[in-house]
Amino acid sequence: MSNNISVNINKMNINSIDMFFNINGRMSMGVKDVYFIRYIGFNNGENLSSKITAMELSPKNRGRYFRVSALNQQISPEKSSVLSSIYEDIKNGYDTNLPFVFSNKGLNSLLMENIKAVGELYMDLKQGASQSIIKNFSIKLLFWIGLYFPKIFDKDFDMSISPKFMFFGNIKEQEYLFLYLLARQGCDVMYVNPSGDAKISPSLLKLSSLCLNQNTGQIIIAEYKENSASEPSSAEQPVNTSATRNKINAKHPKREQNKTPNYQNPVYESSPAVQRPPQNTIRQLDYVEIAQMAASVVMISVCDRNNQCFKTGSGVMIGEEGYILTNFHVVSGGSSYMINIENEQTPYYTNEILKYNQNMDLAIIRIDRLCRPIHIFKGESQLVRGQKVVAIGSPLGLFNSVSDGIISGFRTINNVPMIQYTAPTSHGSSGGALLDMYGRLIGLSTAGIDSGQNINLAVDFKTILMFTKGFIK
């Protein structure tokens, strides 16, 4: 599929619900025909509720359909903080990872363009509005993308397919703009309101095509039950298949194979009790105490589209809400990730990359679990050559190996400040923790020079603090 993708909205008239469900817009020369329809009122003798629910249960509409009567507005403070950081990256033109990522680069580019276009529409609509109002809408838009896109698209979405999204009932301007974004992304959208047309700006109404029926009145429709039409397709299944577990566990024969966790019902657990030094300690720690901090360093197994592990790396817990910092080069190319945590038999699975920066070689992923973050050094004292450091990572898949050394220098590689250190590391250590003797994260292990002896590099704490703003407290 070409990276140059666009849509043609409402090339023909859609005048019935049956037609909306049955039409599959043409895809030609990178242009997809999509439909954004307002179906207002109902016809004589038409049982609107029964018609919609019958079409939803039809085998023709399996897999790529979702209906709502309102969009979720409940954004947690933690989620809002993450989305705020993504918004700032978009606003400033930085590389960032959206709440939903397609495998096709063209679709990701299209999504970024659509977010900006819908944001500009909202700014035109709310002329004179404060920046905080614009930002709050953008955060809400990003939240809805993360929440509803997985219900109608998958990572390998093919534009030759026409997914459907229906909104039934009264709608607000912000919700309507999200429907418009869906249509611009290749989804057929129908807004259904038996009581009358949407009470929003006429300029917004022009974005959709009107199908006005004879009668208006109140109609009650049964609540939509997700997956009621069919079982999830293979693309909707959790990524942790037995094939993946078998392949990864073959490398780690002592690790038991465990029951597959359910993404839809995440289980939050606290870390196992360990004798960990307090993060605000002012005394230097011994190596045994620092080694106990490995409970906050994870091993990341990177899986392809077939759920096969093809590389491993490391990561560091930086936020209680499941945020894990790692290298971009660790997670790049992966479709899903299996996260192993020390002293726990059950791995965690995710495909959430919340943020990344290729130049800094940093990325943040999230698991559905409460975490114990490692305190990030904030420059309370000066780092100097010769001071002792400890590296924790999983070189060559050897889970959470601990090694010691010293800072041997400070370098700048591709305009990114790096700490050069001597603690032995190998492939698979990337994304692991570089700690000072107070147990603070001073760097993230990133690279080593194979032709040299213990010449290793870590992204420094200042870059980490800049990148993780909004994710750490």
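Please refer to the structure higher up on the page.
Q: What am I meant to see in the side chain of D154 here?
A: The residue D154 is located in the loop between helix 5 (131–152) and strand 6 (164–168) in this model. For D154, a relative accessible area of 13% puts it in the buried group. Within polar-contact distance, the side chain of D154 engages the side chain of R64 at 2.7 Å. A distance of 3.0 Å separates a polar atom in the side chain of D154 from the backbone nitrogen of D156.

Q: Explanation requested: the pairing of strand 6 in the structure shown.
A: The side chains of a regular strand alternate, residue by residue, between the two faces of the sheet. Of all 5 residues making up strand 6, 5 are buried, and the element is well covered by its neighbours. Residues K164, M166 and F168 of strand 6 are buried on one face, and the alternating residues F165 and F167, pointing to the opposite face, are buried as well. The pairing of strand 5 (residues 65–68) with strand 6 spans 4 bridges and is classified as parallel. Counted as the bridge partner of F66 is F165 from strand 6. Traced from strand 6 through helix 6 (residues 173–184) to strand 7 (residues 188–193), the parallel crossover comes out right-handed.

Q: Before we go on, may I ask you to explain the sheet that holds strand 1 (residues 6–9) in this structure?
A: Neighbouring strands of a sheet are bound in pairs by backbone hydrogen bonds; such pairs are parallel or else antiparallel. If you walk across this open sheet you meet the 3 strands as 1-3-2, and the pairing is mixed. Looking at which strands have only one partner, the edges of the open sheet turn out to be strand 1 and strand 2 (27–28). Here strand 1 runs beside strand 3 (residues 31–34); their pairing, made up of 4 bridges, is parallel. Paired with V7 across the strands is K32, a residue of strand 3. Taken strand by strand, helix 6 contacts strand 1 and strand 3, and its axis lies near 115° from that of strand 1.

Q: What should I look at first to understand the packing of aromatic side chains in this one?
A: To describe a pair of aromatic rings, you give the distance between the ring centres and the angle between the ring planes. What the rule picks out here adds up to 25 aromatic pairs. An angle of 85° between the planes, with centres 5.4 Å apart, marks the rings of F66 and Y224 as edge-to-face. Of this pair, F66 sits in strand 5 while Y224 sits in the loop between strand 8 (209–212) and helix 8 (242–251), and the two are 158 residues apart along the sequence. A residue is classified by how much of its surface remains accessible, and F66, at 8% relative accessible area, is buried. Just above the ring of F100 sits the side chain of K155; from NZ or CZ to the centre is 4.3 Å. Taking NZ or CZ as reference, K355 lies 4.8 Å from the ring centre of F467, over its face.

Q: Would you explain the pattern of salt bridges in this entry?
A: Between side chains of opposite charge, a pair can form as their charged atoms come close. A full pass over the atoms with the stated rule returns 16 salt bridges. Across the salt bridge formed by E56 and R67, the nearest N and O atoms sit 2.5 Å from each other. In this pair, E56 is assigned in helix 2 (residues 48–57) and R67 in strand 5, connecting sequence segments 11 residues apart. A single burial state applies to E56 and to R67, both of which are buried. Among the ionic pairs, D156 bridges to R305, the shortest N-O distance being 3.4 Å. Of this pair, D156 sits in the loop between helix 5 and strand 6 while R305 sits in the loop between strand 9 (297–303) and strand 10 (309–319), and the two are 149 residues apart along the sequence. A cluster of three or more residues bridged by salt bridges with shared partners is formed by D18, E46 and K51.

Q: Please clarify how the nonpolar core should be interpreted in this entry.
A: The nonpolar side chains of a soluble globular protein tend to be buried with one another. Counting 101 residues, the largest nonpolar core has F149, F165 and L182 as the members making the most contacts within it. The dominant element in this core, judged by the number of residues it contributes, is helix 5, at 11 residues. Residue contacts for F165: discarding those within four places in its chain leaves F20, F66, V68, L71, Y148, I152, L179, L182, C187, D188, V189 and M190.

Q: What am I meant to see in the sheet that holds strand 5 here?
A: The strand order 5-6-7-4-8 describes an open sheet built from 5 strands, whose pairing is parallel. Of all the strands in the sheet, the pair left with one neighbour each is strand 5 and strand 8. The sheet shows a mean angle of 15° between the axes of neighbouring strands, direction not considered. Across 5 bridges, the pairing between strand 6 and strand 7 is parallel. Bridged to F165 within strand 7 is V189. On top of the sheet, helix 2 reaches strand 4 (36–40), strand 5, strand 6 and strand 7; it is set at about 150° to strand 5, its chief contact. Here helix 6 sits on the sheet and contacts strand 4, strand 6 and strand 7; the angle it forms with strand 4, its principal contact strand, is near 135°.

Rules used in this analysis
- Residues numbered from 1 in each chain as written.
- Predicted model: local features only at pLDDT ≥ 70, side-chain atom pairs only at ≥ 80, totals over all residues.
- Heavy atoms only, no water.
- Helix = DSSP H or I, 4+ residues; strand = E, 2+ residues; numbered from the N terminus.
- Buried < 20%, exposed > 50% of the residue type's maximum accessible area, 1.4 Å probe, protein only.
- Polar contact = N/O pair within 3.5 Å; in protein donor to acceptor, adjacent residues only side chain to side chain.
- Pairing = 2+ DSSP bridges.
- Right-handed = clockwise from strand over helix to strand, strands pointing away.
- Contact = heavy atoms within 4.5 Å.
- Axes fitted to C-alpha atoms, helices over the stretch in contact; angles between N-to-C directions.
- Phe/Tyr/Trp six-rings, centres within 6.5 Å; stacked < 30°, edge-to-face > 60°.
- Lys NZ or Arg CZ within 6 Å of the ring centre and 35° of its normal.
- Salt bridge = Lys/Arg side-chain N within 4 Å of Asp/Glu carboxyl O.
- Core = buried A, V, L, I, M, F, W, Y, C linked by side-chain atoms within 4.5 Å.

No statement about biological role is implied by the geometric values presented.
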